[in-house]
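If you want the building blocks of each chain, they are given just below.
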Amino acid sequence: MHVIHHPVFVLLSLVVAVLGSWTSLDLFQRMQSQLGQARLVWLALSALTMGLSIWSMHFVAMLGFDPGSAVRYDPQLTLLSLLVAILATGGAFLFAADPARRRTQLLIAGAAMGVGICSMHYIGMAALRTAISFGYDPALVVLSLVIAIAASIAAILIARKKVSMRWQIYAAGTLGAAIVGMHYTAMGALRLRPTTEAIVDRLSGAPPYILAFAVAAGTIMVLFLALLASLHDQRANVLAALEAGGIGYWELDFSSKFLQVSSKGQQLLGFGKMRHIAFDDFLNRLSSDDRSRSVEAFASSLRTGVDFDEEYRLAEETRWLNIRGRRIMDGHRNAGRMIGIVIDVTDRQEAFSAIAQSDRRQRLLIDELNHRVKNTLATIQSIARQTARSSETVADFQKNFEARLVSLSATHNALTQGRWEAARLHDLFAHEAKPYSSDQFRLAGPDVVVTPNQALSLGMVIHELATNAAKYGALSKEGGCVSVEWQVNDSDQASFLVVVWDEKDGPPVDAPKRNGFGSRLIESCIVRELAGTFEINYAPTGVQCSLQVPLYRKDVSNASSLLKST
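Residues numbered from 1 in each chain as written. Predicted model: local features only at pLDDT ≥ 70, side-chain atom pairs only at ≥ 80, totals over all residues. Heavy atoms only, no water.

1. Comments concerning the pairing of strand E18 (residues 533-539)
Relative to strand E19 (residues 542-551), E18 runs antiparallel, the two sharing 7 bridges. From the neighbouring strand, Thr533 faces E19, where its bridge partner is Gln548. Counting the residues that bridge the hairpin from E18 to E19 gives 2 residues. (Pairing = 2+ DSSP bridges. Helix = DSSP H or I, 4+ residues; strand = E, 2+ residues; numbered from the N terminus.)

Dropping the structure here:
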């Protein structure tokens, strides 16, 4: 008899086979990235999907089979054919999941799977109850077995490889077509022989349409559930990877103005465990300066489609967040939502701020260095000019000039200890007193800190007083003594440093007839540079000099703090 297959069901069976092949291969790929019990779960789901899709394809195809007589299906044999399909594919997939398997072993597993699939087909045919008797062409039966084995081996080999999306589409289409080809080759082997016995009314079993539609609906539902499970697993893996990298994930629905934020994103934004977050609540987490800018940036991204990428500071916190997003269009080409990530960039912002601050400080230091070098050169020029004016010979000039440069250098050393921000007054006097005993050069006064400009001027004055005392005054005679005392007097506007230089037991002193270099230097340093006052008394018992220099409180406080830190 002639066998009729309805084209609609042929096409439907092909769709089921291809969809099942795609889903099964995708689930097997997911399985290879899992460990432990999760690996077995995904393997079982992959085998179940493959076996169920092949079994469903068979009965969907059988729905379009018209033998010319009413048919029924034996429930027990139908269920047995399903178990055979699942066990055959499950065993083969479980065997192939071991990466240590050799190609020969995989070929054997594929062959066993092909035999199981082919057995499923013929068991399903045995479940068929009709008034027509069946026979089979042995050659086509063997051919259907060969096709089943070839399709199974191909499924095993493809499933073990990491393939691209395009290659997986080709593989699923080829594998599904091969499975359908096996079925219709086996159906081509079928030989129908009509009988004259009226047994249609005595047939038992499920009607074919009910069975076919139930199988198709159930299989399609399982396949879509498997795809959803795969997509959910993929989404979970992506979110887990983002969480591991300290990155939060968010979605914004433009119609409801609600945000869906991952747990890490909620932590970064400072929210608790909230399923949905209003967009206004998100804006309130930003600093007041950033809220309007955020609204404008979101609107611009929504309007133009340019990716959203902004950095904001959280309100009442010192943390900074980098928020990025991309507009997603719906089926009507309207902007339905935006998805993106949130990253804590506080360290980066602090690093940028530190770099900017360091750059500003470096420019300030360069400007200050330039200023100080000019001042130092001007001071040396003045020393050279005044020394030359008061020296009678080149040798005197060399001696006096070198001594004054050494004094200037000592002052620089004292300032270097304070990072050129401050110096101790005691250190300036101690340098000049170093060659003498404590009985000859007596120092008394509190710990006073002076600024660089004050240190340079006072250092020059102290050196001139000490040099004059060593040449002509108390330090030029054994038993002579220099006593230096200083103190700080406070007023409402400023503090004043008062220094008293007193020489005793030296040779008789005569007042000079004209102002020498020392007097001019003291006047230049104290009066012009430091806006102070001085008084020199040439008493017969020794020179007495009194200095008064304003110490502005802010400068003194800053200098004292710096020296304490060092």
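Let's pick the thread back up.
2. As for the pattern of salt bridges
Considering all chains together, one arrives at 9 salt bridges under this definition. When the shortest N-O distance is used, the salt bridge between Arg293 and Glu310 registers 2.9 Å. Within this pair, whereas Arg293 is found in helix H10 (residues 288-304), its partner Glu310 is found in strand E10 (residues 308-313), the two being separated by 17 residues in sequence. Three or more residues are tied together by salt bridges with common partners; here these are Asp290, Arg293 and Glu310. (Salt bridge = Lys/Arg side-chain N within 4 Å of Asp/Glu carboxyl O.)

3. So, unusual backbone geometry
With phi around 60°, Asp505 is a residue other than glycine that occupies positive phi space. Structurally, the position occupied by Asp505 is in the loop between strand E17 (495-504) and helix H15 (517-529). The class of Asp505 is exposed, set by a relative accessible area of 52%. One non-glycine residue with positive phi stands out, namely Ala531, at about 55°. Of note, Ala531 is situated in the loop between H15 and E18. Ala531 gets classed as exposed once you look at its relative accessible area, which sits at 57%. (Buried < 20%, exposed > 50% of the residue type's maximum accessible area, 1.4 Å probe, protein only.)

4. Things to note about the sheet that holds strand E7 (residues 247-253)
In any sheet, the strands associate via hydrogen bonds between backbone groups, in a parallel or an antiparallel arrangement. With antiparallel pairing, 6 strands are arranged side by side in an open sheet as E9-E8-E7-E12-E11-E10. Edge strands, defined here as strands with exactly one partner in the open sheet, are strand E9 (277-278) and E10. Pairing of E7 with strand E8 (residues 258-261) involves 4 bridges; the strand directions are antiparallel. Bridging from a neighbouring strand, Trp250 pairs with Val261 of E8.

5. Quick look at the environment of Leu52
Relative to the helices and strands, Leu52 is located in helix H2 (residues 37-63). Residues Leu52 and Ala17, spaced 35 residues apart in sequence, show a C-alpha to C-alpha distance of 9.7 Å.

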